[in-house]
Amino acid sequence: MPAKPPCSLLILQPRFSCYFKPYFPTHFSSFRHFPPRTVPLLSANPRPHSSLPSAEPQVGGGGGGRTGALTPPPPFADEVQKIDVNPPKGTRDFPPEDMRLRSWLFHNFREVSRLFGFEEVDFPVLESEALFIRKAGEEIRDQLYCFEDRGIAKGKSAPLPLKWFAIGQCWRYERMTRGRRREHYQWNMDIIGVPEVTAEAELISSIITFFKTIGVTASDVGFKVSSRKVLQEVLRSYSVPEDSFGRVCVIIDKIGKIPVEDIKKDLKLAGMSEVAVEGLLQVLSIKSLQKLEEILGDSGEAISDLRQLFTLAEKFGYSEWIQFDASVVRGLAYYTGIVFEGFVREGKLRAICGGGRYDKLLSTFGGDDLPACGFGFGDAVIVELLKEKGLLPKLDHQVENIVCALDSDLQGAAAAVATKLREKGQSVDLVLEGKPLKWVFKRAARINAQRLILVGLAEWQKGMVSVKILSSGEQYEVKLVEL
């Protein structure tokens, strides 16, 4: 029997695999992926959703991705069965008002990335299951959506350092909570080729710049910072095998999310002794870098890196935003150094963003290591925070002109007026059918039009149209060339 093709999945962060093979990881614990065809998609009751990507997938397109079909249409029947047209559980449609908010958020993501000198990238969303699991760890398997695929990406080189960002649509199969969906969008920034802690400091600065841009302050949000090297030193002191490190990280990442007794139980199942578990949890409860130095000493890499980061935070001007917290390890297996999470200080929402350093990822695939760090920032939690703080912007639909023909014979003339205005870069809503003026005024109010342009027979014969400024009620006639 021929071997079954490897399962492929869609990942959260557009990959760097077109320049590096193996590619670099995602930082927020979410992933782009699809389920096997033999497993229901997000539902206990299987029903086809046209969620598979096209041959050339578009990041951010599709509003839930209902543009194809997983199964052929049913045979003709006398009675038509109703189909649930709602988005699959955990996903969203984006009607105009929500799309305006998403566009505003993405604009700020892009503007901050530009301010920090990053270039935008985008890549295919497909990735082999084996490659992803080796990168993220076996524990991630239960959260993947997979399907069979025969594609293989080819790599090529790029000059270092790289400062790249991307905004991708993401999927992750898990229990949904407030601000955590099975589908969301995520802003990712990565610095490739810089081994110094200055890279992490720069990334955190970019996130804080974004927060300031949208009105979020240090009293609303903070960053918990630690290093994977802290955990490595503690585990080494208790002779915990290195191959248990990834599993221990996943367990520790659940601190604050599940009861402490469950944490202890899982750590023991991971092969740690009771003494090692108690000692580890004691270190992880430390919230002071000075206290950590007293336990680990001041000569290790972990302490040195963290000291440097906090010194840089003072230089960047964001000391009040960050704090040391030894319990922060991040759940994904590939992190090697400093890790950080953005959190809401009131504690009502989950982590807003997270990231860290992953210097030794490539060697796990047999390649040469490259220093790298990055973060992921999802769109769901930040919108919940903006709602809580009353900071959501008012983003009404606005059109500069609404153009209406007063006679059906002048519909072509109205179209010519609309074209002329559009060529000048002005937005135009052209009334496409005969409607009474009362309807036109209501529509103008609904779309917040600035001007109403009426194409009447008498005015048109003189090469003119009637213009009404809707904010003041002022009305006048103007030549077409002066519009």
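To be clear, the structure that these remarks concern was listed above.
Source: prediction; values computed, not measured.

A sheet is described by the order of its strands in space; here eight strands give the open sequence E2-E5-E6-E11-E10-E9-E7-E8, paired in mixed fashion. Whereas interior strands pair on both sides, the edge strands pair on one side only; in this sheet they are strand E2 (119-120) and strand E8 (322-324). Bridging between strand E6 (residues 183-192) and strand E11 (residues 372-378) involves seven bridges; their strand directions are antiparallel. Across the sheet, the residue bridging to Trp 187 is Phe 377, located in E11. Against the sheet, helix H10 (residues 379-389) touches E6, strand E7 (221-227), strand E9 (338-344) and E11, its axis set at about 50° to E11.

On to the environment of Glu 278. Within the fold, Glu 278 resides in helix H7 (residues 274-284). Take Glu 278: its relative accessible area is 37%, and that puts it in the partly exposed class. Sequence spacing of Glu 278 and Lys 264 is 14 residues, and the spatial spacing of their C-alpha atoms is 8.2 Å.

Moving on, we come to a nonpolar patch on the surface. On the surface, Leu 406, Leu 437 and Phe 441 cluster together to form a nonpolar patch covering roughly 250 Å² of accessible area. Relative to the helices and strands, Leu 406 resides in the loop between strand E12 (401-405) and helix H11 (411-423). The class for Leu 406 is partly exposed, based on a relative accessible area of 48%.

Examined against the element boundaries, Leu 452 turns out to sit in strand E14 (residues 451-455). For the pair formed by Leu 452 and Asp 429, sequence separation is 23 residues and the distance between their alpha carbons is 9.7 Å. Apart from the residues within four sequence positions on either side, Leu 452 is in contact with Ile 402, Val 440, Phe 441, Ser 466, Val 467, Lys 468 and Leu 470.

Right, let's get into the pairing of E6. Of all ten residues making up E6, ten are buried, and the element is well covered by its neighbours. Burial along E6 is two-sided: Glu 183, Tyr 185, Trp 187, Met 189 and Ile 191 and His 184, Gln 186, Asn 188, Asp 190 and Ile 192, pointing in opposite directions, are all buried. Note: strand E5 (residues 162-171) against E6, ten bridges, orientation antiparallel. Directly across from Ala 166, in E6, lies its bridge partner Asn 188.

Among the seven residues in E9, seven count as buried, and that is most of the element. By the alternation rule, side chains of E9 split into Ile 338, Phe 340, Gly 342 and Val 344 and Val 339, Glu 341 and Phe 343, which are all buried. Both E7 and E9 contribute to a ladder of seven bridges, which runs antiparallel. Bridged to Ser 226 within E9 is Val 339. By the bridge criterion, four bridges tie E9 to strand E10 (residues 353-357) in an arrangement that is antiparallel. The partner of Val 339 across the bridge, within E10, is Gly 356.

Right, let's talk about the nonpolar core for a bit. Core analysis: the biggest nonpolar cluster contains 80 residues, and Trp 187, Phe 210, Phe 211, Phe 223, Leu 280, Phe 377 and Ile 382 have the highest contact counts within it. The element best represented in this core is helix H3 (residues 198-213), accounting for eight residues. Grouped together as the second largest cluster of nonpolar side chains are 18 residues, Leu 162, Phe 365, Leu 370 and Ala 372 included.

The subject of this paragraph is the sheet that holds E14. As summarised here, the arrangement of the five strands in space is E13-E12-E14-E15-E16, forming an open sheet in which the pairing is mixed. The sheet is open, and its two borders are formed by strand E13 (428-430) and strand E16 (475-479), each paired with just one other strand. Taken pair by pair, the neighbouring strands of this sheet meet at an average axis angle of 25°, ignoring direction. Bridge count between E14 and strand E15 (residues 464-469): four bridges; the pairing is antiparallel.

Mapped onto the elements, Asp 325 comes out in the loop between E8 and E9. For Asp 325, the side chain forms a polar contact with the side chain of Lys 287, separated by 2.9 Å. Not counting residues up to four positions away in its chain, the partners in contact with Asp 325 are Lys 224, Val 225, Ser 226, Leu 284, Ile 286 and Lys 287.

Once that is clear, we can look at the side chain of Asp 429. If you trace the backbone, Asp 429 turns up in strand E13. You can call Asp 429 buried: its relative accessible area is 14%. Each residue touching Asp 429, except ones within four places of it in the same chain, is listed here: Val 399, Asn 401, Ile 402, Val 403, Arg 443 and Ile 447.

Attention now goes to helix H6 (residues 260-269). Where H6 is concerned, the buried positions are Ile 263, Lys 264 and Leu 267. For H6, the arc enclosing every buried residue in end-on projection is 95°, short of the 170-degree limit, so these residues lie on one face. Of the residues in H6, the exposed ones pointing more than 90 degrees away from the buried face are Glu 261, Lys 265 and Leu 269. Contacts from the buried residues of H6 go to helix H5 (245-252) and H7. Looking at the residues trailing H6, positive phi occurs at Gly 271, about 105°.

Cut-offs applied
- Residues numbered from 1 in each chain as written.
- Predicted model: local features only at pLDDT ≥ 70, side-chain atom pairs only at ≥ 80, totals over all residues.
- Heavy atoms only, no water.
- Pairing = 2+ DSSP bridges.
- Helix = DSSP H or I, 4+ residues; strand = E, 2+ residues; numbered from the N terminus.
- Contact = heavy atoms within 4.5 Å.
- Axes fitted to C-alpha atoms, helices over the stretch in contact; angles between N-to-C directions.
- Buried < 20%, exposed > 50% of the residue type's maximum accessible area, 1.4 Å probe, protein only.
- Patch = residues over 30% accessible without salt bridge, like charges linked within 9 Å, V, L, I, M, F, W, Y side chains within 5 Å.
- Areas by Shrake-Rupley, 256 points an atom, 1.4 Å probe, with all protein chains shown as cover.
- Salt bridge = Lys/Arg side-chain N within 4 Å of Asp/Glu carboxyl O.
- Core = buried A, V, L, I, M, F, W, Y, C linked by side-chain atoms within 4.5 Å.
- Polar contact = N/O pair within 3.5 Å; in protein donor to acceptor, adjacent residues only side chain to side chain.
- Arc of directions from axis to C-beta.

That's the geometry; what it means functionally is another story.
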